[in-house]
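# Reading the structure
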Amino acid sequence: MNQPLLYNRQPPRPAWGVRVDPRKTLSTSEPIVAAPLPTQVQLPLELGPERRAQAVVAPGDYVYTGQPVARLETGARNVVCASISGRVAAIRPGPIPGPGPRVAECIVIDSDGQDRRHADCVPAGDPARLAAARLRELIAQAGIVGLGGAVFPTADKLGGSQPVDLLIVNGAECEPYISCDEMLMRERAAQVLDGARIMLRALGCDRAVVAVESDMPAARLALRAALDADRDPRLDIAEVTAKYPAGGERQLVELLTGREVPAGGLPRDVGIVCQNVATAAAVSELFRTGCPLISRIVTVTGGGILNPVNVEARLGAPLADLVAAAGGYTTTNCDLVMGGPMMGMALAGDRLPVTEATNCLLVAAPGELSDAQPGYPCIRCAECSRVCPARLLPQELLVACDTQDPDRLEQLHLDACIECGCCDYVCPSRLTLTPVFAQAKIRQRAHREQQRQARLAQQRSEARNARLAAAEKRYADGPAPDAGEAALTDLLARVEQRDERGDGG
Amino acid sequence: MNAAMAAELRRAPHLRTPVSVPVLMRRVLYALVPALLAYTWFFGFGLVFNIAAAVAAALATEAACLRLQRRPIAIALSDYSAVVTGVLLAFALPPLTPWWITALGSTFAIGVAKHAYGGVGNNVFNPAMAGYVALLVSFPDQLTNWLPPRMGDIDYEGIGLLANLRFMLSGGLPDGYTLDALTRATPLDLMQTELGDMRMVAEIRNSSLFGDFGGRGWEWIGNFVALGGFWLLFRGVIRWHIPVGMLGGLVLSASLFYLYDSANFPSPGFHLFSGGALLCAFFIATDPVSAATTDRGRLIYGAGIGVLTYLIRTWGSFPDGVAFAVLLMNMTVPLIDRYTQPVAYGTREPRS
């Protein structure tokens, strides 16, 4: 942990990664616009992998904006807040954005158009005076999660026992098209820095650096101005080369500090915590206005959108509202992608709610995204391993996936794959790599679990065999002494021992 | 949006580079054009006819092999890989090679070196070099019909386009021409033979066949090969590791012996600009299928070819060692790849 931090000098140019036409300027010419209040919101109770919530309101209840409406299934903590005021219309399964058509239990609220703020939505006091644990508790109850796309609970990231010597506030938005973080930094730089400061206190750490990409000078200037006004020596800005996926958490840690997050570990293991800039802004909002997480900025962009722009939308609002706020569609047969073109999820339609993970709605005109084209056999050009930020050998991994060889996959460190899609992007044979790896990772996890179970079963069976063998031996050695008699002998022996030790206990 | 809903949803990433295998192969062919022009200027149209025969045979063999395996033919033929193999083989052959020898080599390259191993992507050996070596050991005499370069002061009789074609088709020459009068040893060949006769390098280089570094004409072709090679590097079709490794290995070993005894060992410049060294460094050794895949591995692979080329040229029984060097190093690829795997992110053993 005593290595020097590298972020104050020019970060090294990564050898990995790809340069993709960024196309961010599509959506950065206009300031962030607020979407009109939705008439209905749909708040999913499935908050993330293995993280579910339970409604604490019932259909027919009136709820205020910011009022807690659901709590974690495990534990009594409130984690979902109403994003508008109105009546709870239903609690029913609804479609949510996800790989393939996904359905989850949702709280549906009909807006009353008043947007009446809940009485509890007042600042909890000066965050500089609140205890770290209290800060984390408030952040958790406000439903604040990572807004960079991974939706990991922010409070959990800020807690923990390992020492942290650097907070990276991630504004290095490297996916093409997406500009919500850049616009946030341009317009609300002071809020980002304020949130970073609160998070430093919650972490018990005294260094934070806001990471921006080299192709967002306006954001850097805004941050610099805010930093000059702020005069907090604990905060700084760091620039990384604009190359995809430089903004990936692990890649950013490597670029800024030279440290590597161990496989299967978290940045925390090397003394670092990463938080998205929008998450920092949400934390600041919570402590300055008392407002929990009820909205987020979404980049609505692509050739299929009339006026690409960043929209501040209430959580749970239908994506169609965002499209309307950005001028509507230009053509009827667009491809919808939630997220960027490298890692984003294709959507079946726009009747899905905005979630915490919705950083971008990419509406691609026909021909804007690459169509499926005939593939060729792998020619071993190794461009895939050249661009792989995890330094894997995708071409070898693909062979191992095809032959379903779990040991080989282990040896090739399939688990270190971050599914960034760079290998697919550069493959001249147009092979499908990342989706295959994503599936193989799931299989691999199941395989490991199976192996663990098998090992346990083996241990149990060995132990049983040993017991049986011992019993058999006892039986063969002669008639076993009476069980009661044996126990008595045993007890007497122990009493004797105790008396000899003289400890009386 | 209805169409999207009905169809299966696409999966990330949604963007791909437009550079596909056929684009790469076509770029390799474009990069060979300057060398082809220079070659034709100095040695006549023999190479053009070689290319025609080699490519036709390569495509025919490719189609036949795919047909036998009941695999789709159109897509495989359209990837240009067979064309590249044919063209590279043609570059290795002398301008006066009978067409059937060229075609035989091409057929061997595609049929045996490529498809017997499972087709594109699976071949262990560089097909063009395998085809060339098969010809070299089968028809050693016919593969020595090199011409002197067309240079003002070199005793050059020249052979016209039609005569050249006629020779390649029928083996006959116009009246008054003999093969002996027409052909010349290549500078590499001459150097090896004369050194074997205990003559000094400086003495041998007095022949009008030698220029500043290598053979006259050959040097110019080398320049144009390198030009194409640099363009391939610039366009990212090939990476620098193999050319640097190969040329570095060759130049270093040549320098070592040249510094030790410059009377009996020709200069590194001679080795660099003679025979197939540059063609190999940029176009042959860089064939991704039969080369190592890691960066470090490619440096080692290239260096191995360079050193072996030097060893074979200096102490072997063939004038040029490029083809053998490539095939020998092809065999080491699995080993090299195995021991040069990069350490995956976050899997480094913790330092204590």
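Reading the values: rules and limits
Residues numbered from 1 in each chain as written. Chains lettered and ligands numbered in written order. Predicted model: local features only at pLDDT ≥ 70, side-chain atom pairs only at ≥ 80, totals over all residues. Helix = DSSP H or I, 4+ residues; strand = E, 2+ residues; numbered from the N terminus. Buried ≥ 20, exposed ≤ 12 C-beta atoms within 10 Å, placed from the backbone. Contact = placed C-beta atoms within 7 Å. Nonpolar A, V, L, I, M, F, W, Y, C, P; charged D, E, K, R; others polar. Domains from an automatic or database assignment. Axes fitted to C-alpha atoms, helices over the stretch in contact; angles between N-to-C directions. Parallel < 35°, antiparallel > 145°, perpendicular 65-115°, else oblique. Left-handed = near helix turned anticlockwise from the far one by under 90°. Pairing = 2+ DSSP bridges. Right-handed = clockwise from strand over helix to strand, strands pointing away.

### What about the overall build of chain A?
Summing up its helical and strand segments, chain A has 14 helices and 18 strands in all. By its C-alpha atoms, chain A is 90 × 65 × 50 Å across when sized along the principal axes. Split into buried and exposed, the 505 residues of chain A put 49% on the buried side. For chain A, the share of sequence-separated contacts (at least 6 apart) that also reach a separation of at least 24 residues comes to 71%.

### Considering unusual backbone geometry
A cis amide bond links Tyr244 of chain A with the next residue in sequence, Pro245 of chain A, at an omega value of 0°. Inspection of the secondary structure puts Pro245 of chain A in the loop between strand E12 (235-240) and helix H6 (249-257). Geometrically, the link from Ala12 of chain B to Pro13 of chain B is a cis peptide bond, its omega value of -5° lying close to zero. Note that Pro13 of chain B resides in the loop between helix H1 (2-6) and helix H2 (21-43). If you check the backbone angles, Val151 of chain A has positive phi at about 45° while not being a glycine. With respect to the helices and strands, Val151 of chain A occurs in the loop between helix H1 (132-141) and helix H2 (154-158).

### Brief notes about the interface of chain B and chain A
Counting from both sides, the interface comprises 33 residues of chain B and, opposite them, 47 residues of chain A. For the side of chain B that touches chain A, the elements supplying multiple residues, two or more each, are H1 and H2 of chain B. The residue inventory of the side of chain B that touches chain A, partitioned by class, reads 19 nonpolar, nine polar and five charged.

### Some words on the domain arrangement of chain B
The parts lose accessible area when they come together, and the size of an interface is often stated as this lost area. Residues and elements named next belong to chain B. Each domain of chain B was delimited in the assignment, giving domain 1 (19-184) and domain 2 (186-336). Taken over C-alpha atoms, the centre of domain 1 sits 20 Å from the centre of domain 2. Contacts between the two partners involve 32 residues from domain 1, matched on the other side by 29 residues from domain 2. For the side of domain 1 that touches domain 2, the secondary-structure elements that each account for two or more residues are H2, helix H5 (81-92) and helix H7 (127-138). A total of 10 residues in the side of domain 1 that touches domain 2 trace back to one element, the largest contributor, which is H2. Its residues placed into classes, the side of domain 1 that touches domain 2 shows 26 nonpolar, three polar and three charged.

### Thoughts on the packing of helix H13 (residues 241-260) of chain B against helix H15 (residues 277-284) of chain B
Residue and element names in this part refer to chain B. At a minimum axis separation of 8 Å, H13 and H15 run at an interaxial angle of 155°. Viewed along their axes, H13 and H15 adopt a mutual orientation that is roughly antiparallel. In this structure, H13 meets H15 at a crossing whose hand is right-handed. When H13 is examined against H15, the residues Pro243, Met246, Leu247 and Leu250 are found in contact with a partner set consisting of Ala277, Cys280, Ala281 and Phe282.

### What to know about the pairing of E12 of chain A
Residues and elements named next belong to chain A. Within E12, five of the six residues are buried, which leaves the element mostly enclosed by the surrounding structure. As defined by bridge partners, strand E11 (residues 208-213) adjoins E12 across six bridges and the pair is classed as parallel. Its bridge partner lying in E12, Val212 is registered against Glu239. In this region the chain leaves E11, passes through helix H5 (residues 217-230) and returns to the parallel neighbour E12; the handedness of that crossover is right-handed.

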